[in-house]
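Remarks on the overall topology
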Amino acid sequence: MKEKIGLFEDNYWDLPYTLEECVEETARINKEIARRAITKIRDRNNLLPVDKSKVKNVTIVCTTYGNAFFNNLRTMKACFEERGIHVTLKRRIESAAEMARIDKESDLIIYVVYVVPNFPKGHPIIYGAECAGCQFTFSQGQTKSIGISMGYPYVHHDLFGNAETFINTYGCSDELIDACVEVILGERDAAGNSPVKIVPDQ
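Presented here is a report on the structure given in the accompanying data block. Note that the structure is a prediction, hence the values are computed from the model and not measured.

Conventions adopted
- Every chain's residues receive numbers from 1 upward, in the order its sequence appears when written.
- With pLDDT at 70 or above as the cut-off, local features in this predicted model cover only qualifying residues; side-chain atom pairs require 80 or more to be listed or tallied, and sums for whole chains, interfaces and linings still use all residues.
- Note that water and hydrogens are dropped before the side-chain values are worked out from all heavy atoms of the structure.
- Here an axis means a line fitted to C-alpha atoms, over the contact stretch when the element is a helix, while the angle between two N-to-C directions is reported on a 0 to 180 degree scale.
- Secondary structure elements follow DSSP: runs of H or I no shorter than four residues count as helices, runs of E no shorter than two count as strands, and numbering proceeds from the N terminus.
- Each angle gets one of four labels, with under 35 degrees taken as roughly parallel, over 145 as roughly antiparallel, 65 to 115 as roughly perpendicular, and the rest as oblique.
- Handedness of a helix crossing follows the sense of rotation of the near helix relative to the far helix, less than a right angle counterclockwise being left-handed and clockwise being right-handed.
- In what follows, residue pairs with any heavy atoms lying within 4.5 Å of each other are defined as contacts.
- Throughout, the ten residues Ala, Val, Leu, Ile, Met, Phe, Trp, Tyr, Cys and Pro are labelled nonpolar, Asp, Glu, Lys and Arg are labelled charged, and all others, Gly among them, are labelled polar.
- Put simply, a salt bridge is a Lys or Arg side-chain nitrogen that is within 4 Å of an Asp or Glu carboxyl oxygen.
- The classification of residues rests on relative accessible area computed with a 1.4 Å probe and restricted to protein chains. Under 20% of the type maximum is buried, over 50% is exposed, and intermediate values are partly exposed.
- Think of it this way: DSSP has to see at least two bridges between two strands before they count as a pair.

1. Notes on the packing of helix α2 (residues 69–81) against helix α6 (residues 174–184)
Axis angle and axis distance: for two packed helices, these are the angle between their axes and the distance between the axes, and together they describe the pair. One can describe the packing of α2 onto α6 by two numbers: an axis separation of 9 Å at closest approach and a directional angle of 40 degrees. With respect to their mutual orientation, α2 and α6 come out oblique. α2 and α6 meet at a crossing whose hand is right-handed. Of α6, the residues touching α2 (which contributes N72, T75, M76, C79 and F80) are D174, I177, D178, V181 and I184. Classifying every residue of the contact of α2 with α6 by side-chain character gives six nonpolar, two polar and two charged.

2. Side note on the pattern of salt bridges
By the definition in use, this model includes twelve salt bridges. R28 is the partner of E25 in a salt bridge, and the nearest nitrogen-oxygen pair spans 2.7 Å. Of the two residues, E25 and R28 both sit in helix α1 (residues 19–37), three residues apart, roughly one turn of that helix. The class for E25 is partly exposed, based on a relative accessible area of 36%.

3. Remarks on the pairing of strand β3 (residues 86–90)
Sheet topology places strand β2 (residues 57–64) next to β3; five bridges connect them, and they run parallel. Looking at β3, one finds that N57 is bridged to H86.

Below, the structure is given as structure tokens:
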């Protein structure tokens, strides 16, 4: 088999492309896949796309059991700041008073959730302080709030049924985060179609 596919030929390592070309093409493909993945699950109040001229302050609230994921949101923060929008990152909301302050100070509130099946097996779950913090999410400022799941695609139903606007990205790569911000700000459409049935049977 190796002989048939040419592995013994003298020029086997003479590739028709350079490493730089391969990396550049891979990056291009990753961006295109990300842009096609962003799925608008619902937008009951037609919040999307938001008017960039009216958004000066954004608060991003993280819900996850993986503390390392919080660092991914620095990419989202940078994406907004590149467009001149101030961003505050919150690890979680601790009280109703804090939620009221966020509502007062923010033009846009984004709740980003990252839960995945527990390794090696187990149902995705939010527990402890994360679960306690969820009682305050979407309790105020609903008309300027967006929910985003970057993992488990059923979060909009299982955890945030009261979110008027919700997006699924199916991952948390820099390319997906960048594409998600583009959709929020109307720089491109949400072109994704859910690969799974996200509305449960009644």
